[in-house]
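What follows is each chain in one-letter form.
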Amino acid sequence: MNLRLFIPAIAGFAGLLASCRCDIPVDKIAELSVKQCTLMEQSLTEDTFPRNFQNGELVLANTHWWCSGFFPGVCWYTYKLSGDEAMKEMALRQTAKILDVSLLSGDHDLGFEVMPSSGEAWKETGDSLYLKTLRDAAEELAGRFSPVTGVIKSWNNPKFTYPVIIDNMMNLELLTYASRLFDVPEWKEIAITHARTTMRNHFREDNSCYHLVDYNPEDGSIIRKQTVQGFADESAWARGQAWALYGFTMMFRETGEEDFLAQAEKVAAFLLPRLEGRPVPPWDFDAPEDAAPGCGTNPEGPFTGPVAGADVQDDASAGAVMASAFLELAGLTHDAALAARCRKQALETLKALCGEKYLAAEGEIGGFLLKHSTGHYPKGSEVDVPLTYADYYFMEALWRYKNL
Ligand code: GLY
């Protein structure tokens, strides 16, 4: 880099950090998380994990659910941020509940389930106990790839033919990681091919992306591009954009392939202006403020019932994923100006999430950390609630922030 550009960039970054450090109380949140996780664990059994908190009650999910890895992952980040040995024990206990996850799954979400739990446990302990889980899960995920479509099939849902959702980018880290760990180059090749096919088919001219692309498995042609969880087929569902930003940034980190970095930068170029003045995104960037549940073009049919207590149309989970991804992209991009914008955005989002509106007080919301996320708005499901993946990516973003 040109020295005349480099010195002001470093000075600007240092100034930015100095001005924001005090606004993001990482240590206090780590302490809060120790207490919230301890409270949460009291409500869990061997077969359950947190799902959300709705109508004053904690809602649990069974261990087959796609989000099973996130509570163990929150425990791991809480341990790493707090240094509290009791949290390590909790993380080990929660991870142990899903060691056989690949036998239970039947879909593409294995990366979400395994990397924050067994992946983290392996990195922290080096215990070979976790290797079988990582290998089995990678093998099963790779088995969902077709060389005809060039992508991994996301769901076995009979409403679609060969559906691939943008979320699937997140699961690729399991393949690249396991490829190195077990020396299976084919798994990395599958991840790269999936990402390149997604790059070609999921994105629009303005660099936003579709939620779902349905393929013809016979010849790889595209049947339809659409939404399921967004407002409309052509709208920008916020969490989908977050998965894209995170997924392509991660794929560049994992492979060094420059086209993945370029794609992540394009997603950032779409998102940064949209987040100006609204650091925690709405659930869909294109949904009208008064969008009613059942709106949009959800193929599962319109939801007609009320959403009790849903008065905030934000998605803190999308904000948390974006903050974590922006921090990583800032450290990888070769563009100093973009890096500064990504860092600034991440810190603004984190600062908002650490504020009273979003952050739980001790003992609140069943042991979750963040309020105001949206799971599936058009279906009227999990609207304006805490969600386990919001907490996970929030803690990851704080960890990345602390290690800047
Ligand atoms: N993968 C599901 C979601 O983002 O809601």
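Everything that follows concerns the structure shown earlier in this document.
Residues numbered from 1 in each chain as written. Predicted model: local features only at pLDDT ≥ 70, side-chain atom pairs only at ≥ 80, totals over all residues. Heavy atoms only, no water.

With that settled, the discussion passes to the site of the ligand. In the region of the ligand, the neighbouring residues are W66, D167, Q229, W237, R239, W243 and Y389. D167 places a polar side-chain atom, nitrogen or oxygen, 2.6 Å from a nitrogen atom of the ligand. Take R239: an N or O atom from its side chain is 2.5 Å from an oxygen atom of the ligand. Alone, the ligand offers 200 Å² of accessible surface; in the complex the protein occludes 92% of this. Using a 2 Å cut-off from the grid points, one finds that the ligand occupies the largest pocket. The class makeup of the residues in the shell around the ligand is 4 nonpolar, 1 polar and 2 charged. (Near = heavy atom within 4 Å. Polar contact = N/O pair within 3.5 Å; in protein donor to acceptor, adjacent residues only side chain to side chain. Areas by Shrake-Rupley, 256 points an atom, 1.4 Å probe, with all protein chains shown as cover. 1 Å grid on protein atoms, 1.4 Å probe; cavity = no way out; pocket = protein on both sides within 12 Å on 5 of 7 lines; lining within 4 Å. Sits in = over half its atoms within 2 Å of the grid points. Nonpolar A, V, L, I, M, F, W, Y, C, P; charged D, E, K, R; others polar.)

This paragraph deals with the packing of helix α11 (residues 258-275) against helix α13 (residues 336-353). Between α11 and α13, whose axes approach to 11 Å, the crossing angle comes to 50°. Between α11 and α13, the interaxial angle falls into the category oblique. Crossing handedness for the pair α11 and α13: left-handed. Facing α11, whose interface residues are E265, A268, L272, P273 and L275, α13 presents L338, R341 and Q345. Residues that form the contact of α11 with α13 fall into these classes: 5 nonpolar, 1 polar and 2 charged. (Axes fitted to C-alpha atoms, helices over the stretch in contact; angles between N-to-C directions. Helix = DSSP H or I, 4+ residues; strand = E, 2+ residues; numbered from the N terminus. Parallel < 35°, antiparallel > 145°, perpendicular 65-115°, else oblique. Left-handed = near helix turned anticlockwise from the far one by under 90°. Contact = heavy atoms within 4.5 Å.)

What follows is about helix α8 (residues 172-182). For α8, the tally of buried residues reaches 9 of 11 residues, placing the bulk of the element in the interior. Three or more residues of α8 are buried, namely L172, E173, L174, L175, T176, Y177, A178, S179 and F182. Looking at the buried side of α8, the elements it contacts are α6 (110-125), α7 (129-142), β4 (151-152), α9 (185-201) and α10 (238-255). Immediately beyond the C-terminal end of α8, within one or two residues, lies D183, with a positive phi of roughly 55°. (Buried < 20%, exposed > 50% of the residue type's maximum accessible area, 1.4 Å probe, protein only.)

For the rest of this paragraph, the subject is the layout of surface pockets. For the largest pocket, the calculated volume is near 520 Å³. Of the residues assigned to the lining of the largest pocket, the class counts are 8 nonpolar, 7 polar and 8 charged. Put simply, the second largest pocket is a space of about 400 Å³. Lining the second largest pocket are 22 residues, and of these E173, Y246, R253, E396 and R400 sit closest to its centre. Of all the secondary-structure elements, those providing two or more residues to the lining of the second largest pocket are α3 (70-82), α6, α8, α10, α12 (316-332) and α14 (388-402). Top contributing element to the lining of the second largest pocket by residue count: α6, with 6 residues. Here the residues of the lining of the second largest pocket are counted per class, giving 10 nonpolar, 2 polar and 10 charged. (Points joined across faces, edges and corners; volume = space filled by probe spheres on them.)

Our focus in this paragraph is the environment of R224. Tracing the backbone shows R224 in strand β7 (residues 222-226). Placed 10 residues apart in sequence, R224 and D214 show a C-alpha to C-alpha distance of 5.3 Å. With residues near it in sequence (within four places) discarded, R224 still touches L212, V213, D214 and D233.

Side chains L212 and D214 project from strand β6 (residues 212-215) onto one buried face, and the interleaved V213 and Y215 project onto a second face that is buried too. Taken together, the 3 bridges between strand β5 (residues 163-165) and β6 define a ladder with antiparallel strand orientation. Within β6, the residue paired with V164 across the bridge is V213. Summarising the sheet, β6 and β7 pair through 4 bridges and their orientation is antiparallel. Across the sheet, Y215 pairs through a bridge with I222, a residue of β7. (Pairing = 2+ DSSP bridges.)

Function cannot be read off these values alone, since they describe shape.
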